[in-house]
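Coordinate analysis (summary)
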Amino acid sequence: MKNSPDSTFLTALRCLRCGNEYAPTAIEYVCTCRPNQGSDLGTLDAQYDYAAIRQAITPATMATDRDRSIGHYWPLLPIANRQSLPPLAVGNTPLTAAKRLGETLGLTQLYLKDDGRNPSASFKDRASAIAVARAQMAKRTMIATASTGNAAAALAGQCAAAGQPNLIFVPKTAPPAKIAQLLVYGSTVLTIDGTYDQAFDLCQAACHEFGWYNRNTGYNHYMTEGKKTVSFEIAEQLGKRAPDAGIPGVSAPVFRAPDAVFVAVGDGCIIGGVHKGFKDLLALGWIEKMPRLYGVQSTESAALYNAWRAGLEIPEPVQATTRADSINVDAPRDAIKALNAVRQTNGAFIVVPDEEILAAILPLARLGAVFAEPAGATAYAGLVQAVREQLVKPDETIVVINTGSGLKDVNAAIHVAGGVTIIEPTLAAVKKHLRL
Ligand SMILES: *Cc1c(COP(=O)(O)O)cnc(C)c1O
Ligand SMILES: [Zn+2]
């Protein structure tokens, strides 16, 4: 199959429902086999020429590459070269060993991947960078997205960097910090008096009507391709931590897969991306095993958990009401990839109540030094539940991804951390307050 002219190693788009393959230039978003309604919009999966990629890059060449943004992995992305990406660097977020946090759960190899440390402070930068790159390669004048807030903030930032006009549909319930980001970056913002799911459907209709480039999660399969870069980073960062990794003349640089990864799930695009990233690395022969993937949802937004439990291919929509706004989704738009991610890796979906999600913010910050928004803390709350259910072993290598910064939703943070104490500006007041 011929490569796409605008992407060096992309060969085809394969439908995950019917198996049809398309040339990347022959189809823009979804396969014709999809039902008109329903939540399984995400059907296409980008295919690459792995043999050619293996010729172009190796773990050793990767080790000496100075570019540590997601451009570091450009041959595995649907772009022509690194310069296709907007100039606001995404990725290279820290993977830290969380010893003290791990000890409280009896885990010896717990790592936190803090994707709140992206330029717009959430995981969504990974996908939005690709959206802007693709839209600009196709010379599209307008990009639009629906978002619970973070995807939009990420798109706004990437568009500002690239000088790309963009239009955002967000529910009016999005936390003010996220809406502020959109306004400051100069996006056109349409705040919807309705839910995320309604914003999504409206964005679909508007893109169709006006010919805008559509970044919508699940619908635009290239978002998975951006999101998968987190797995490349995890494996490369873990590889560097091996005792003898990459010592010149002693051992070659390696990529290493963890045993399990925990991530919060709303539409299911992130967990599908995490799966894709490890699949790419397996196809290249750079890792030896697929980690088990655990998707964590709130009990108040559990459509994918329910579908997994019931053995369904397509989830039944729910009426989502979780306080973790980034995962508040009625009908998950990337259900097929999300269910595949869990089923094909022997992972699980896990649900946790909102109280446990909010409570998880504190140990993550106090023992792991990661300040997460509620949706980000959901992944850790899921790990706590998994330990209770003995889904993980004490010495397994476990990665918990924080998907969004705590600064995105300070009201939730203050709610769990407790209010502030106000004292008079006197030493006497200090003594009295501290009982000294
Ligand atoms: C979007 C988002 C999620 C969920 O990602 P999906 O792809 O919708 O499953 C989780 N956490 C944060 C902070 C997010 O912004
Ligand atoms: Zn199909």
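The structure we're discussing is the one just above.
Residues numbered from 1 in each chain as written. Chains lettered and ligands numbered in written order. Predicted model: local features only at pLDDT ≥ 70, side-chain atom pairs only at ≥ 80, totals over all residues. Heavy atoms only, no water.

The local shell around ligand 1 holds 15 residues, among which Lys 124, Gly 266, Asp 267, Gly 268 and Thr 403 are the closest. In this structure, Lys 124 approaches ligand 1 through a side-chain N or O atom, which is 2.7 Å from an oxygen atom. Here an oxygen atom of ligand 1 sits 2.8 Å away from a polar atom, N or O, in the main chain of Asp 267. Most atoms of ligand 1, that is more than half of them, are within 2 Å of grid points of the largest cavity. The residue makeup of the shell around ligand 1, split by class, is five nonpolar, six polar and four charged. (Near = heavy atom within 4 Å. Polar contact = N/O pair within 3.5 Å; in protein donor to acceptor, adjacent residues only side chain to side chain. 1 Å grid on protein atoms, 1.4 Å probe; cavity = no way out; pocket = protein on both sides within 12 Å on 5 of 7 lines; lining within 4 Å. Sits in = over half its atoms within 2 Å of the grid points. Nonpolar A, V, L, I, M, F, W, Y, C, P; charged D, E, K, R; others polar.)

It is a general feature of regular strands that their side chains alternate between the two faces of the sheet. Burial along strand S6 (residues 143-146) is two-sided: the residues Ile 143 and Thr 145 and Ala 144 and Ala 146 are all buried. Looking at chain direction, S6 and strand S7 (residues 166-171) are connected through four bridges and run parallel. Across the sheet, Ala 146 pairs through a bridge with Phe 169, a residue of S7. Between the parallel elements S6 and S7, the chain passes through helix H5 (residues 150-162) in a crossover that is right-handed. The pairing of S6 with strand S9 (residues 213-214) spans two bridges and is classified as parallel. Paired with Ile 143 across the two strands is Tyr 213, which belongs to S9. (Buried < 20%, exposed > 50% of the residue type's maximum accessible area, 1.4 Å probe, protein only. Helix = DSSP H or I, 4+ residues; strand = E, 2+ residues; numbered from the N terminus. Pairing = 2+ DSSP bridges. Right-handed = clockwise from strand over helix to strand, strands pointing away.)

Our next topic: the sheet that holds strand S2 (residues 21-22). If you trace the three strands from one edge of the open sheet to the other, you get S2-S1-S3, paired in antiparallel fashion. With one partner strand each, in any of the chains shown, S2 and strand S3 (44-48) form the two edges of the open sheet. Inspection of the sheet shows strand S1 (residues 10-15) paired to S2 by two bridges, in the antiparallel sense. Looking across to S2, one finds that Arg 14 is bridged to Glu 21.

Donor atoms from the polypeptide that coordinate the zinc ion (ligand 2) comprise Cys 15 (SG), Cys 18 (SG), Cys 31 (SG) and Cys 33 (SG), at 2.2 to 2.3 Å from the metal. Along the chain, the residues donating to the zinc ion (ligand 2) are arranged with the sequence spacing C-x2-C-x12-C-x1-C. Of this pair, Cys 18 sits in the loop between S1 and S2 while Cys 31 sits in the loop between S2 and S3, and the two are 13 residues apart along the sequence. (Donors = N, O, S within 2.8 Å, 3.2 Å for Na, K, Ca; no water.)

Spatially, the six strands line up as an open sheet ordered S4-S5-S13-S10-S11-S12, and their pairing is mixed. Each edge of the open sheet carries a strand with a single partner, namely strand S4 (95-97) and strand S12 (348-352). Put simply, the sheet's adjacent strands are angled 25 degrees from each other on average, direction ignored. Seen against the sheet, helix H12 (residues 335-343) touches strand S11 (292-298) and S12 and runs at an angle of roughly 105 degrees to S12. (Axes fitted to C-alpha atoms, helices over the stretch in contact; angles between N-to-C directions. Contact = heavy atoms within 4.5 Å.)

It is worth spelling out a nonpolar patch on the surface at this point. A cluster of nonpolar side chains, contributed by Ile 423, Leu 427, Val 430, Leu 434 and Leu 436, occupies part of the molecular surface with about 510 Å² of accessible area. Examined against the element boundaries, Ile 423 turns out to sit in the loop between helix H15 (410-417) and helix H16 (427-434). Looking at Ile 423, the relative accessible area reads 40%, which means it is partly exposed. (Patch = residues over 30% accessible without salt bridge, like charges linked within 9 Å, V, L, I, M, F, W, Y side chains within 5 Å. Areas by Shrake-Rupley, 256 points an atom, 1.4 Å probe, with all protein chains shown as cover. Salt bridge = Lys/Arg side-chain N within 4 Å of Asp/Glu carboxyl O.)

Turning next to unusual backbone geometry. Notably, Ala 121 is not glycine yet its phi reads approximately 75 degrees, a positive angle. Here Ala 121 falls in the buried class, since its relative accessible area comes to 18%.

The subject of this paragraph is the layout of surface pockets. A volume near 330 Å³ is recorded for the second largest pocket. Forming the boundary of the second largest pocket are 20 residues, of which Pro 171, Thr 173, Thr 322, Asp 325 and Asn 328 lie nearest the centre. When the residues that make up the lining of the second largest pocket are grouped by side-chain class, the tally is six nonpolar, eight polar and six charged. (Points joined across faces, edges and corners; volume = space filled by probe spheres on them.)

Looking only at H15, the buried set comprises Ala 412, Ala 413 and Val 416. For H15, the buried positions fall inside an angular range of 100 degrees around the axis, keeping them on one side. Summarising the geometry of H15, the exposed residues directed more than 90 degrees from the buried face are Asn 411, Ile 414 and His 415. In this structure, the buried side of H15 is in contact with helix H13 (354-368) and helix H14 (374-388). At the C-terminal side of H15, Gly 418 shows a positive phi close to 95 degrees. (Arc of directions from axis to C-beta.)

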